[in-house]
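These are the residues of each chain, in order.
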Amino acid sequence: MRILIVEDEHKVAEMVSRGLRAERYAVDVAASGDTGWAMAYTYDYDMVILDLGLPGMDGAALLRRIRGRNPRIPILVLTARDATASKVDSFEAGADDYLTKPFVFAELVVRVKALLRRGPANQSSVVRIADLEFDRLTQHVSRAGKRIELTPKEYALLDYLATHPGRVLSRTMIVEHVWDQSFEGLTNIVDVYVRHLRAKIDDQFPKKLIRTVRGAGYRFTDEVDT
Amino acid sequence: MNTHSIRFRLAAWHAALFTAFIIVLGAVLYATVKEYLDDTLLETQGRRARQIAETLLANAPQTGEDYVVREIKALYSPEQSDRFIRVTRGDGSVLYVSGPPDDQSFDPSKVPLFTAGNAVESARSEKLVDGRILLIAAFKAATIKDGHFLVEVGTSAEPVDRFAQHLLKLLALGIPLIGIIAALGGYLLAGRALRTVEQIAVKAEVITQHNLSERLPVSRTGDELERLSISLNHMITRLDDAFNNSKRFVADASHELRTPLTVIQGELENLASDAKLPVEMRDRVGSALEDVERLGKIVGKLFALSRLDAGEAQEEWTQLDLASLVSATSDQMTLLAEDKKIKVSCDAAQPVYVMGDRSRLQQVVVNLLDNAVKYTPPGGSVHLKVHGSDGQGILEIADTGVGIPAEALPLVFERFFRVDRDRSAGADGAGLGLAIVKSICVAHGGRVEVVSAVGSGSRFLATFPLAAANAKQLRQ
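Residues numbered from 1 in each chain as written. Chains lettered and ligands numbered in written order. Predicted model: local features only at pLDDT ≥ 70, side-chain atom pairs only at ≥ 80, totals over all residues.

The antiparallel open sheet is built from three strands, whose spatial order is S10-S12-S11 (chain A). Each edge of the sheet is formed by a strand with only one pairing partner; in this case those strands are strand S10 (168-169) and strand S11 (210-213) of chain A. (Pairing = 2+ DSSP bridges. Helix = DSSP H or I, 4+ residues; strand = E, 2+ residues; numbered from the N terminus.)

Moving on to the nonpolar core. With 120 residues, the main nonpolar core has Val48(A), Leu322(B) and Val326(B) as its most contacted residues. Contacts of Leu322(B), omitting those with residues within four sequence positions, involve Val352(B), Val354(B), Leu361(B), Val386(B), Gly393(B), Leu395(B) and Phe464(B). Counting residues in hydrophobic clusters, the runner-up holds 25 residues, among them Ile85(B), Val87(B), Ile136(B) and Ala137(B). (Core = buried A, V, L, I, M, F, W, Y, C linked by C-beta atoms within 7 Å. Buried ≥ 20, exposed ≤ 12 C-beta atoms within 10 Å, placed from the backbone. Contact = placed C-beta atoms within 7 Å.)

This paragraph deals with the interface of chain A and chain B. The interface is formed by 35 residues belonging to chain A together with 41 residues belonging to chain B. Those elements that provide at least two residues to the side of chain A that touches chain B are helix H1 (10-22), helix H4 (84-93), helix H5 (105-117) and helix H8 (188-201) of chain A. Within the side of chain A that touches chain B, the residues separate by chemical class into 19 nonpolar, nine polar and seven charged. (Nonpolar A, V, L, I, M, F, W, Y, C, P; charged D, E, K, R; others polar.)

Residues shown with low pLDDT carry predicted positions that ought not to be read at fine detail. The predicted model of chain B has a mean per-residue pLDDT of 84, with 93% of residues at 70 or higher. Overall fold confidence (pTM) sits at 0.60, and the ipTM for the predicted complex is 0.70. (pLDDT = per-residue confidence, 0-100.)

Attention now moves to helix H10 (residues 433-443) of chain B. All names here are of chain B. H10 sits mainly inside the fold: ten of its eleven residues count as buried. For H10, the set of buried residues is Gly-433, Leu-434, Ala-435, Ile-436, Val-437, Lys-438, Ser-439, Ile-440, Cys-441 and Ala-443. Tucked into the core, H10 has its buried residues touching helix H6 (279-309), helix H8 (358-374), strand S11 (447-452) and strand S12 (458-465). The positive-phi residue at the C-terminal boundary of H10 is Gly-445, with phi of around 75 degrees.

Moving on to unusual backbone geometry. Residues Lys101(A) and Pro102(A) are joined by a peptide bond in cis, for which omega reads -5 degrees. Mapped onto the elements, Pro102(A) comes out in the loop between strand S5 (97-100) and H5. A positive phi angle is found at Asp390(B), which is not glycine, with a value near 55 degrees. Relative to the assigned elements, Asp390(B) resides in the loop between strand S9 (381-389) and strand S10 (392-399). Looking at Asp390(B), the number of C-beta atoms within 10 Å reads 9, which means it is exposed. In this structure, Phe416(B) takes a positive phi of about 65 degrees despite not being glycine. Here Phe416(B) is to be found in the loop between S10 and helix H9 (421-424). Among the residues examined, Phe416(B) registers 11 C-beta atoms within 10 Å and is labelled exposed.

Here it is as structure tokens:
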């Protein structure tokens, strides 16, 4: 998978490209709108990550040109502007997703993966991680064959964590996905719910599935910690 | 009436000056008229006295004194014309004195004798023992060798005095009346002159930080008022610029902070997930990451506030039920409160429709409820209530928490304000939550207030105008 990053902030471009390379993507960086257009025109990318504030051709114009040439390529917009109007404009110009700076890198990876996976959905309704099992249709949850009752919020939290196994999910990401943007400042609510969820799915079992990552957030995994 | 107002003072000065002027004028008029009348009267008497002296007494040695007396009676009939005539011989004996006048205004026999000395002509005002005043002119007729006849002709001063009295009465009545009219006129005139000031004041009243682009009316009169309105407008322009600068500064600053924050956060994240790093190091990176995230949130909130300031609140503007929004939001946060052993109750059964941006209004509920839970000790309770009254949708959040000291009450909605640094330690807020609540309320045409006292909890009231449909429903 080859990804084009159009970003004039050298350090941001470097950080993103390093992280994505670590995820085994091939990454090219363009530092201006014009270079970006030249590269997008020349090579066949699987995805474009685009900053809106660019020197030369501005991000919104580049977005429209790339979209005009390739209607199917996923485009993720990365910007410091977080006004809803700006988001709506980008979506109307053909962006598939939108991420506001400062962002959690894990979130970028999650979104990149989601965008690249888009298309033929291959999601089974039943999710199994270690001996935990839940059904997205019936919302039945069980561990080691034992039925566990969860409240709707606890279930939503479990669903979100389990959809990205092994990945660190920040409290902000969790709040935004399980609650909504209004709760953004309220990340301590995540800790409370995680504690309740742990009490139900982890506490009675020797193998803990929900791990706390200091400063970063939570990770749902059945791997043994290093 | 406000006795300190410019209008009152102007009117009072106007009336006082006018009245003083009229009093002086009246006094001068009175004195002049009185003197003129007295003079005229004396002159007439003097003419008669001279006439008698020159025509009758000059020939007295030839005609005899009896003839003179007869002639005076026939020619002047002093009794009928209310006049006093007396002729005295050179030795002081009286040749003739007129009888009491028909109008009984004086008694001629009571007029004391008079010696004119060397003067041929003289005039005097004689006050009789009964208080009456006679104006008397005397004329010396040089006819007899051993002395002079003295002719005195007088008349009562009463008519002149009566007229003077009348004039005085007229002035006494007229001056206060003129004073009152001057005061009223002054008051009206001052009011007219000050109306422009009133217009400027009314306009200045409605200019707030949200409509600083508006200006005061300028009266093109070329006077102090024009200068005042122009100066005020210049001041508003400077305020407008200052506000815009500070807004732009906040927007630019938070925008510029985002990129470096992204880099720091990304690099730290990278480090934190590096398995090769010793656990202790990873922990320290994690700690730094926590603060970077907090910084990012503050920047985000500042940016949100600057957008609210710029009037970008109405991104989505729909009619929504505040009651259901509040109960749904409080449901989602109940666990947070229960975790602290705080009971949350919500009284929002009746729908209350307001116009607004759903996620922003939800933010108000989240911030206020979070605040209540944060400052309420375990075992306490938080009560939410939504109701509509007087065209207003009201959200009430009352807690049994620590309360807010009186001196901090006016400041709780200010940016970065915290009642007590220690108490908020642990809470990850930066003192922006309530500022955001206020900005959102104001952007929705509403307001937020707080009632609180230390030890007896706090009650926050957020008020929004009801949507038209709801207002109609209430009216029916």
